[in-house]
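# Chain and residue survey
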Amino acid sequence: MELFASLWMGFVVAVSPINLLYAFIGVLLGTLIGVLPGIGPVATIAMLLPVTFNLNPLAALIMLAGIYYGAQYGGSTTAILVNIPGESSSVVTCLDGYQMARQGRAGPALAVAALGSFFAGCVATLIIAVAAPPLAEVALKFGPSEYFSLMVFGLIAATVLAHGSLVKAIAMVVWGLLFGIVGTDVNSGVLRFTFDIPELSDGIGFVIVAMGMFGTTEIILNLEMKEKREIFTSKVKNLWPSKDDFKRAWPAVLRGTALGSALGILPGGGALLASFGAYTVEKKMSRHPEQFGKGAIEGVAGPESANNAGAQTSFIPMLTLGIPGNAVMALMIGALMIQGIAPGPQVMSEKPQLFWGLIASMWVGNLMLVVLNLPLIGMWVKLLTVPYRYLYPSILVFMAIGVYSLSNNPFDVLIMAVFGILGYVCAKLECEPAPMILGFILGPLMEENLRRAMLLSRGDPFVFISPSKPISLAFLLASLILLVMVGLPAIRKRREEVFVEET
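Looking only at helices and strands, the protein chain has 22 helices and two strands in total. The buried share of the protein chain, taken over its 503 residues, is 56%. Put simply, 80% of the contacts in the protein chain that link residues at least 6 apart link residues at least 24 apart. Accessible surface, the protein chain: about 21100 Å² in total, of which carbon and sulfur atoms supply 69%.

Put into structure tokens, the structure is as follows:
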């Protein structure tokens, strides 16, 4: 009964006119940036962080969350019609969705993607509501040593599940940790790694790093893309899938929702790994695997359900433990910190309206997205004809203004440009920026909890693996097992195969 009472309170808060407005703005922006390939939710949320300064915390989080799960919907539109993933988790949707469009079946592909995403989003939101309270209660028993070990586990899991080379992912995490300690040491007041630059004495701003690594880098990369695309705008008709389409799609939707919900909770998992995993599962379980890559509707239904479920269950570790599972959740934690709210289990007890209002808003947002994506599909199709080269200069100007407005300091704009160049170099070297952002966010928190644990134990390093600290010991053992497992040749090979597009 307590759960229903909390959810009712959340709905009352979520359906207030101002929160409904920000939910609509969020899902509309999310769909827009999902449809327009190249920007993505991470870059968009990074650009909008300065805007959230003047909003109340709940409205800001509702809008940013709407952008994230809205992009999962919008990304399927451009993947199906243009064969370009509007969002990274929509990569596998291109394989069968685009082939369906070429066969004149773009309508059923878009409808199954939207309905599967809606179902998965609703189920994932229910899982958050049920799983989050007990997890938060457990987290309230955590001390400094438990938090430090949890963060170590989160970073290692993020590197193991990151796309590409494990060595590169670890290097990016270390890079993020190093950038995170730039500035004044809180305990001693000593300047660290500032190189006598006064502007760095307060550290490097999270918003600046996020905008540079994601926003600026994405724009530079997309300027290299060719403009010629085959768009199936005239073939979007008969949106309602046939009886046979439903028969083949609904088991894939159920499996995708289950897999995405589980993988979303893991640090580093989220929507991307969920969509790839769901496509692999559907292909292995299908009676007609030869149809995959040639227009199998299961190849759209499974991944689209999985990426939406994964996107929303990734809120669970962020809301309950204060641990970001992916780059978007790191930005959400940044938004909380900007509002003066310490992320972690105490949010549920100290600010229940914010916690339950955000969860309830996800149901409202998913309903809005079905309306935005099916009846208004013609509007999104028209947007696909806009030359992106005209959009990028205005986005870059908007980002520069946003960064400058943080502290009215032109040095911040310069730092953003530097991180944009570094991000471009990383992209060319196939180094994912997401682990670096996670390291940047968790680095200072890890250091703080490490020092606190060492002070309480009078400098005893065995406090983290002591039998009296079973939770801390369990997390460190899990981290060690993950590293050993991924070092095994067979598992390493399988890990690399998961992210290879099957054709």
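On we go from here.
Here the focus is the side chain of Asn308. Positionally, Asn308 belongs in helix H12 (residues 298-313). Residue class for Asn308 comes out buried when judged on its relative accessible area of 0%. Excluding its chain neighbours within four sequence positions, the residues that come into contact with Asn308 are Tyr69, Gln72, Tyr73, Ser117, Ala120, Gly121 and Asn366.

Relative to the assigned elements, Phe214 resides in helix H9 (residues 206-222). We classify Phe214 as buried; its relative accessible area is 8%.

In summary, soluble globular proteins display a tendency toward joint burial of nonpolar side chains. In terms of nonpolar packing, the biggest core is built from 114 residues, with Ile204, Phe315, Met332 and Leu358 touching the most fellow members. Ranked by residue count, the leading element in this core is helix H4 (residues 57-82), at twelve residues. Those residues within four positions of Phe315 in sequence are excluded, and the remaining contacts are Ala65, Tyr68, Ile128, Met329, Met332, Leu358 and Met362. Counting residues in each nonpolar core, the second largest holds 17 residues, with Leu81, Val82, Ala106 and Leu110 among its members.

Mapped onto the fold, Gln312 is located in helix H12. Only 3.1 Å separates the side chain of Gln312 from the side chain of Asn366, close enough to count as a polar contact. Sequence-distant contacts of Gln312, defined by excluding residues within four places in its chain, comprise Tyr69, Gly121, Ala124, Thr125, Ile128, Met362 and Asn366.

Next up on the list: the pattern of salt bridges. Summed over the entire model, instances satisfying the criterion amount to six salt bridges. Here Arg451 and Asp185 are joined by a salt bridge, their closest N and O atoms 2.9 Å apart. In this pair, Arg451 sits in helix H20 (residues 434-456) while Asp185 sits in the loop between strand E1 (183-184) and strand E2 (191-192), placing the two residues 266 residues apart along the sequence. For Arg451, a relative accessible area of 29% gives the class partly exposed. Its relative accessible area of 7% is what places Asp185 among the buried residues. Connected through shared salt-bridge partners, Asp185, Arg192, Glu447 and Arg451 make up one network.

Attention now moves to the packing of helix H14 (residues 327-338) against H20. Two quantities define a packed helix pair, namely the angle between the axes and the distance from one axis to the other. Remark: H14 packs on H20, axes separated minimally by 8 Å, with the N-to-C direction vectors making an angle of 35°. Considering the relative orientation of H14 and H20, their crossing is left-handed. Residue-level contacts link Ala327, Ala330, Ile333 and Met337 of H14 to Ala434, Ile437, Leu438, Ile441 and Leu445 of H20. Of the residues that constitute the contact of H14 with H20, the class distribution is nine nonpolar, no polar and no charged.

This next bit is on a nonpolar patch on the surface. Taken together, the side chains of Leu477, Leu480, Ile481, Val484 and Met485 present a nonpolar region at the surface, about 460 Å² in accessible area. Counting through the fold element by element, Leu480 comes out in helix H21 (residues 470-487).

Below, the discussion takes up helix H5 (residues 91-102). With twelve residues, H5 extends 17 Å from end C-alpha to end C-alpha; this agrees with the ideal 16 Å at 1.5 Å per step. When you tally the buried positions in H5, you get ten out of twelve residues, the bulk of the element. Along H5, the positions that sit buried rather than exposed are Val91, Val92, Thr93, Cys94, Leu95, Asp96, Gly97, Tyr98, Met100 and Ala101. Once H5 finishes, Gly104 follows within two positions and takes phi at roughly 80°, a positive value.

Glancing now at the packing of helix H18 (residues 392-407) against helix H19 (residues 410-428). Viewed as axis vectors pointing N to C, H18 and H19 meet at an angle of 135°, and their least axial separation amounts to 7 Å. Classified by the angle their axes make, H18 and H19 are oblique. Taken as a pair, H18 and H19 cross one another with a handedness that is right-handed. Residues Met399, Ala400, Val403, Tyr404 and Ser407 of H18 form the contact with H19, whose own contacting residues are Pro410, Asp412, Val413 and Met416. Split by residue class, the contact of H18 with H19 holds seven nonpolar, one polar and one charged.

With that out of the way, let us pick up H20. Over its 23 residues, H20 runs 33 Å from end to end, which matches the ideal 33 Å to within 8%, given 1.5 Å per residue. Leu442 marks the point of greatest bend in H20, at about 40°, and the proline Pro444 comes within the next four residues. Positioned one or two residues after H20, Arg458 has a phi angle of 60°, which is positive.

Examined against the element boundaries, Val15 turns out to sit in the loop between helix H1 (2-14) and helix H2 (17-35). For the pair formed by Val15 and Val364, sequence separation is 349 residues and the distance between their alpha carbons is 8.0 Å. Leave out the neighbours within four places in its chain, and Val15 touches Leu20 and Val364.

Quick notes on the rules
Residues numbered from 1 in each chain as written. Predicted model: local features only at pLDDT ≥ 70, side-chain atom pairs only at ≥ 80, totals over all residues. Heavy atoms only, no water. Helix = DSSP H or I, 4+ residues; strand = E, 2+ residues; numbered from the N terminus. Buried < 20%, exposed > 50% of the residue type's maximum accessible area, 1.4 Å probe, protein only. Contact = heavy atoms within 4.5 Å. Areas by Shrake-Rupley, 256 points an atom, 1.4 Å probe, with all protein chains shown as cover. Core = buried A, V, L, I, M, F, W, Y, C linked by side-chain atoms within 4.5 Å. Polar contact = N/O pair within 3.5 Å; in protein donor to acceptor, adjacent residues only side chain to side chain. Salt bridge = Lys/Arg side-chain N within 4 Å of Asp/Glu carboxyl O. Axes fitted to C-alpha atoms, helices over the stretch in contact; angles between N-to-C directions. Left-handed = near helix turned anticlockwise from the far one by under 90°. Nonpolar A, V, L, I, M, F, W, Y, C, P; charged D, E, K, R; others polar. Patch = residues over 30% accessible without salt bridge, like charges linked within 9 Å, V, L, I, M, F, W, Y side chains within 5 Å. Expected span 1.5 Å × (residues − 1). Parallel < 35°, antiparallel > 145°, perpendicular 65-115°, else oblique. Bend = angle between axes of the 7 residues up to and from the residue.

In short, the description is geometric, and any link to function would need to be established separately.
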